Amino acid sequence: MDQDTVRHMFIVGLRDAHAVEHQALGIMDRQIEHLAQYTEVEARLRSHRGETERQIERLEGILDALGDSPSAIKDAALKFGGSVAALSHALAPDEVIKNSLANYAFENYEAAAYKALIAMARAGGFEAAIPVLEESLREELAMATFLDEMLPRVIDRFLALRSRGEQASH
């Protein structure tokens with residue numbers, strides 16, 4: 001394997017993951033405002049927001065160690081895109097359901113991205129990056145598990161609130 005190619009693709013992947021984490025912040029910031037009826041989800045999103053900030057720092061540390069840096073353009077574009085996506089759900093009468101489905105998919109996407117980065121780090125001999133990436137992977141998998149377990153409860157709560165004519169989405 002050409003090590004220059006592996007290094008280049010690892011850096012591209014790190015920059016992409018960095019931008020995706022910024023997108024996640026944009027999504028979470030909008031959603032947290034609308035979860036008054038779903039306190040467990042709100043609390044876990046707040047906690048995961050902190051994890052996401054640390055994941056960004058970890059990615060920056062790996063990039064710095066490689067003599068590189070994140071892409072400000074990718075970061076800004078994806079953060080804006082995350083905010084727009086969250087806002088588009090805010091217009092839906094079942095916002096919390098749409099967000100729950102999207103969040104579950106997003107967390108699994110992030111987990112897959114970290115798995116790919118770990119494979120690239122192994123292929124390129126970037127051993128110091130592996131434990132850092134594995135920590136982020138564990139956090140993403142834990143969040144995906146939480147969302148998976150919460151989905152039936154969110155649906156039940158939403159339907160109960162709507163059945164009583166109460167505000168169910170925020």
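Residues numbered from 1 in each chain as written. Predicted model: local features only at pLDDT ≥ 70, side-chain atom pairs only at ≥ 80, totals over all residues. Heavy atoms only, no water.

> Just give me the short version of the nonpolar core, but keep the residues and values in it.
In this structure, Tyr38, Val41, Leu45 and Val96 are the most contacted members of the largest nonpolar core, which totals 22 residues. The element best represented in this core is helix α5 (residues 129–163), accounting for seven residues. The residues touching Val96, leaving out its near neighbours within four places in the chain, are Leu35, Tyr38, Val154, Phe158, Ala168 and Ser169. Core analysis: the second largest hydrophobic core is formed by 19 residues, Phe10, Ile11, Leu117 and Leu133 among them. (Core = buried A, V, L, I, M, F, W, Y, C linked by side-chain atoms within 4.5 Å. Buried < 20%, exposed > 50% of the residue type's maximum accessible area, 1.4 Å probe, protein only. Helix = DSSP H or I, 4+ residues; strand = E, 2+ residues; numbered from the N terminus. Contact = heavy atoms within 4.5 Å.)

> Provide a residue-level description of the pattern of salt bridges, including the pertinent values.
Per the stated rule, a full pass over the model turns up 11 salt bridges. With a closest N to O distance of 2.4 Å, Asp68 and Arg15 form a salt bridge. One end of the pair, Asp68, is in the loop between α2 (39–65) and α3 (72–90); the other, Arg15, is in helix α1 (residues 3–32), and 53 residues separate them in sequence. Two residues, Arg49 and Asp29, come together in a salt bridge whose shortest N-O distance is 2.5 Å. Pair noted here: Arg49 is in helix α2 and Asp29 is in helix α1, with a separation of 20 residues, a long-range link. Within this structure, Asp29, Arg49 and Glu53 form a network of salt bridges that share partners. (Salt bridge = Lys/Arg side-chain N within 4 Å of Asp/Glu carboxyl O.)

> I'd like a description of the environment of Asp16, backed by residues and values.
Of note, Asp16 is situated in helix α1. C-alpha separation for the pair Asp16 and Ser71, spaced 55 residues apart in sequence, amounts to 8.1 Å.

> Requested: an account of empty space enclosed by the protein, with residues and values cited.
A complete count under the given rule lists three cavities of 30 Å³ or more for this structure. As a volume, the largest cavity reaches approximately 80 Å³. Gln31, Leu35, Val41, Leu45, Val96, Ser100, Asn103, Leu147, Met150, Leu151 and Val154 together form the lining of the largest cavity. Elements with a contribution of two residues or more to the lining of the largest cavity: α2, α4 (95–124) and α5. (1 Å grid on protein atoms, 1.4 Å probe; cavity = no way out; pocket = protein on both sides within 12 Å on 5 of 7 lines; lining within 4 Å. Points joined across faces, edges and corners; volume = space filled by probe spheres on them.)

> Residues and numbers for the packing of α2 against α5, please.
Their axes nearest at 10 Å, the elements α2 and α5 cross at an angle of 160 degrees. Between α2 and α5, the angle falls in the class roughly antiparallel. In this structure, α2 meets α5 at a crossing whose hand is left-handed. Grouping the constituent residues of the contact of α2 with α5 by class yields 12 nonpolar, three polar and eight charged. (Axes fitted to C-alpha atoms, helices over the stretch in contact; angles between N-to-C directions. Parallel < 35°, antiparallel > 145°, perpendicular 65-115°, else oblique. Left-handed = near helix turned anticlockwise from the far one by under 90°. Nonpolar A, V, L, I, M, F, W, Y, C, P; charged D, E, K, R; others polar.)

> Requested: an account of the environment of Arg54, with residues and values cited.
Within the secondary structure, Arg54 is located in helix α2. On a C-alpha basis, the gap between Arg54 and Glu21 in space is 9.8 Å, while along the polypeptide they are 33 residues apart.

> Describe the packing of aromatic side chains, and please don't skip the residues or the numbers.
Scanning all chains against the criterion turns up one aromatic pair. Relative to Phe126, the ring of Phe10 lies with its centre 4.9 Å away and its plane at 5 degrees, an arrangement referred to as stacked. You can see Phe10 sitting in helix α1 and its partner Phe126 sitting in the loop between α4 and α5, a full 116 residues away along the chain. Like Phe126, Phe10 is buried. The ring of Phe146 has Arg44 sitting right over it, with the charged end atom 6.0 Å from the ring centre. (Phe/Tyr/Trp six-rings, centres within 6.5 Å; stacked < 30°, edge-to-face > 60°. Lys NZ or Arg CZ within 6 Å of the ring centre and 35° of its normal.)

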